[in-house]
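Fold and contact review
Spelled out, the chains give:
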Amino acid sequence: ENIRIEDAVKEAWEKRPELQQLALNLKNAGIDVKATRNELLPSVNLFAEYIATGLGGVQTSTATTPTGTFLAGAPVVDVNGNPVPGFFESTALSNSSQLIFPGGIGDTLSRMIRGKYPTFEVGINFSLPIRNRAAQADNAQALLNQRLQETQYRQQQNAIFVSVRNALIALQEDRASLAAATEARSLAVQTFEAEQEKYRLGASTSYDVVLRSRDVTTAQGTELRVSINLLEDELKLNQAIGRTLEVNNITLADALRGKISGPS
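This is a predicted model, so every value here is computed, not measured.

Brief notes about the overall build of the chain
- Helix and strand content of the chain: seven helices and four strands.
- In the chain, the succession of helices and strands from N to C terminus is α-α-β-β-β-α-β-α-α-α-α.
- Across the 264 residues of the chain, 19% fall into the buried class.
- A separation of at least 24 residues holds for 78% of the contacts in the chain among residues at least 6 apart in sequence.
- Accessible surface computed for the chain: about 18,900 Å², of which carbon and sulfur atoms make up 57%.

Take a look at the structure:
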C-alpha cells in the first residue's frame, strides 16, 4: 500500500488508543478547570421542601388567656402624674383541649398520602466568596494539570507522526531493495543457465557452474530476506497507524465473547 504521510498520520491520530486516552485525560482536566473556576464565583441556591405528615392518637392543645387584677390601695399615678408600676397584677388562664384522631396505622398513612397535614418550606441561600485562597489554589492546580495534559497530548502526537513517517520510509526502502534483489536473483539465474550451457559445450568447468549455482542461492536468500523485511515493516506501519486489530479481523467484541466471528 502506497499511502500519503498526511493521510497515514491523520488515521493514526484517530485510531491510536494511547492518544485517545490522553484526549480523555485532557477533557477531564478541562472539566476540572471549569469546576474549580465556578468555586470562585458567587452562588445562589433556591430550595423548596414539602413534607406530608400522618397524625394519629390523641392531640392535646393548651390555650392561654392573659388576665389581671388591680391591687387594692395601690396608687395609680405619682405626684407628677406618671403611672406607677406594679399597681396591676397580671395573671394567665390556661384552657386545655383534646383532639382525638381515630384509627391505627392505616388511617395515619392515608392522612399522610392525601396530604391533610402538610408542611411547606422555601428558602434561598446566597454565597459570595471573598479571597477564597483554597478555591484559588485548586483552580491554579487544575490549570497546571490541564497544561501538563496538553503537553503530553502534543508529545504523543509528535511521537506518532515520527513513527508513521519512519515506517513509511522503511517501506519505500524495502520496495526498492526488493526490486533490486529480484533483478539480482533473475540475473544470477540467467548467468547460471548460461554457465550450464557453456559447460555442456565444453567451454566451462564444473567449478564455475558450482560458483554460479552458489550465486543463485545467495540471490534467492537475499530476495527472501528483503521480502521478510518488507512484511515486518508493513506490520510496523499497521502498528504505528493503529490497524493491527483491523487488518487481522480482530474485534474487542470477539475477544469478550471468546469467539472469532471471521477468519484472521
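Some details on helix α1 (residues 5-15)
- All buried positions along α1 are accounted for by Ala-8, Val-9, Glu-11 and Ala-12. All buried residues of α1 lie within an arc of 165° about the axis, which places them on one face of the element. Across α1 from its buried face, at more than 90 degrees, point the exposed residues Lys-10 and Glu-14.
- At its buried positions, α1 is contacted by α4 (133-200) and α5 (206-241).

Concerning the nonpolar core
- Judged by nonpolar contacts, the single largest core of 16 residues is most densely connected at Ala-8, Ala-12, Ile-160, Val-164, Leu-168, Leu-237 and Ile-241.
- Put simply, the parts of the chain that give this core at least two residues each are α1, α2 (17-38), α4 and α5.
- Here this core takes six residues from α4, the largest share from any one element.
- Apart from residues lying up to four places away in sequence, Ala-8 is in contact with Ile-3, Val-164, Leu-168 and Ile-241.
- Within the second largest apolar cluster, five residues are counted, among which are Phe-192, Val-209, Val-216 and Ala-219.

Conventions used here
Residues numbered from 1 in each chain as written. Predicted model: local features only at pLDDT ≥ 70, side-chain atom pairs only at ≥ 80, totals over all residues. Heavy atoms only, no water. Helix = DSSP H or I, 4+ residues; strand = E, 2+ residues; numbered from the N terminus. Buried < 20%, exposed > 50% of the residue type's maximum accessible area, 1.4 Å probe, protein only. Contact = heavy atoms within 4.5 Å. Areas by Shrake-Rupley, 256 points an atom, 1.4 Å probe, with all protein chains shown as cover. Arc of directions from axis to C-beta. Core = buried A, V, L, I, M, F, W, Y, C linked by side-chain atoms within 4.5 Å.

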